[in-house]
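Examination of the molecular architecture
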Amino acid sequence: MWAGRAAAYERVFARMTAHTAEALLDAVAAGRHTAVLDVGTGPGTVASVAWRRGAHVRAVDADPQMVETAARNVPGLDVRPAQLPELPFPGATFDAVVGNFVINHVGSPDATLAELRRVLRPGGRLALTCWPMPGSTAQSIVNDAMRRAGVTWPEDVPVTPFQTYGNPEAFRALVSGAGFSDVTIDEISWEHVVDPELWWSGPLAGVGSTGYVLTRQDQATIARVRAAYIAMAARYATEDGRVALPARALLARGVR
């Protein structure tokens, strides 16, 4: 579902997910000489911030185009393709592992967390963000518009396990159950101010599972979804023609 979507993701959604980059790195105390692994790096947003802090950063992503994008955006970054829950690093390699909105995309969160713990040194720190369930407006508005337009979710498109884990209690239990100690969950809230046409262009380009489902519809259905989206987005209009969409994230931190 993500193949070939790197440019659209970088242009649209990466601007929203960048909001949590500093908090994610603060959670693992990433600074000068910290050995950091950024999993699911996407266009390299978090890796770039860690690099500017003076950390020794490595990064992985499952999509080769994302790897190329991150390498372009962060010159000199050691970034390579890898699909969770398998990482191409020896055990106890990193002081910190971070993942910005990646745990909610993996098929096996338990196995992924075990692998992230494996590559951390004893006492190493983990920080992960995920979207809460039910999602905030910024995350879910196009999905909500599809439901309003009568689009049903196809049986062959997997639903994220974070339908179950996307709340503080379940997220904490998931991370603790993988063997991490001192696990805490913080909620981050903000407004994502964006051109509504730009925000629509991400799903229309097939980004994410919502975009994947949207682009499988016929043109008449897509037109109905767009009309529903425009009506819903109008509630959040700003004076300059953009929209201020409420956004929320959960941030988990723990120690190996």
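Notes on the structure in this doc start here. This structure is a prediction, so every number in the text was calculated from the model and none was measured. (Residues numbered from 1 in each chain as written. Predicted model: local features only at pLDDT ≥ 70, side-chain atom pairs only at ≥ 80, totals over all residues. Heavy atoms only, no water.)

Spatially, seven strands are ordered β3-β2-β1-β4-β5-β7-β6 in an open sheet, and the strand pairing comes out mixed. Sheet topology places β3 (78-81) and β6 (181-194) at the edges, where each strand pairs with a single neighbour. Sheet twist, expressed as the average angle between the axes of neighbouring strands with direction ignored, equals 20°. Sheet analysis places strand β1 (residues 35-39) next to strand β4 (residues 94-100), joined by four bridges and oriented parallel. Bridging across to β4, aspartate 38 finds its partner in valine 98. Against the sheet, helix α4 (residues 45-52) engages β1, β2 (56-61) and β4, with an angle of about 175° to β2. Helix α10 (residues 196-204) rests against β6 and β7 (243-255) of the sheet, and its axis sits at about 125° to β6. (Pairing = 2+ DSSP bridges. Helix = DSSP H or I, 4+ residues; strand = E, 2+ residues; numbered from the N terminus. Axes fitted to C-alpha atoms, helices over the stretch in contact; angles between N-to-C directions. Contact = heavy atoms within 4.5 Å.)

It is worth spelling out the side chain of threonine 129 at this point. Assignment of secondary structure puts threonine 129 in strand β5 (residues 120-130). Within the structure, the side chain of threonine 129 is placed 2.9 Å from the backbone nitrogen of phenylalanine 101, a separation counted as a polar contact. (Polar contact = N/O pair within 3.5 Å; in protein donor to acceptor, adjacent residues only side chain to side chain.)

This brings us to the pattern of salt bridges. Per the stated rule, a full pass over the model turns up 13 salt bridges. Notably, a salt bridge pairs arginine 118 with glutamate 115, separated by 2.9 Å at the nearest N-O pair. Of this pair, arginine 118 and glutamate 115 are both found in helix α6 (residues 109-118), three residues apart, which corresponds to roughly one turn of the helix. Salt-bridge contacts for aspartate 144 lead to arginine 147; the nearest nitrogen and oxygen are separated by 2.3 Å. In this pair, aspartate 144 and arginine 147 both sit in helix α7 (residues 137-148), three residues apart, roughly one turn of the helix. Residue aspartate 144 is classed as partly exposed on the basis of its relative accessible area of 25%. Within this structure, Glu22, Asp26 and Arg53 form a network of salt bridges that share partners. (Salt bridge = Lys/Arg side-chain N within 4 Å of Asp/Glu carboxyl O. Buried < 20%, exposed > 50% of the residue type's maximum accessible area, 1.4 Å probe, protein only.)

The next thing to look at is the packing of aromatic side chains. For the structure shown, the criterion picks out five aromatic pairs. Their ring planes at 65° and their centres at 4.7 Å tell us that phenylalanine 13 and tryptophan 199 sit as a pair that is edge-to-face. Of this pair, phenylalanine 13 sits in the loop between α1 (6-11) and α2 (14-17) while tryptophan 199 is found in helix α10, placing the two residues 186 residues apart along the sequence. For the pair phenylalanine 13 and tryptophan 199, a shared accessibility class is recorded, and that class is buried. Measuring from ring centre to ring centre gives 5.1 Å for phenylalanine 89 and phenylalanine 94, while their planes differ by 90°; the resulting arrangement is edge-to-face. Using a relative accessible area of 5% as the deciding quantity, one classes phenylalanine 89 as buried. Connected via pairs of aromatic rings, a cluster forms that spans Tyr9, Phe13 and Trp199. (Phe/Tyr/Trp six-rings, centres within 6.5 Å; stacked < 30°, edge-to-face > 60°.)

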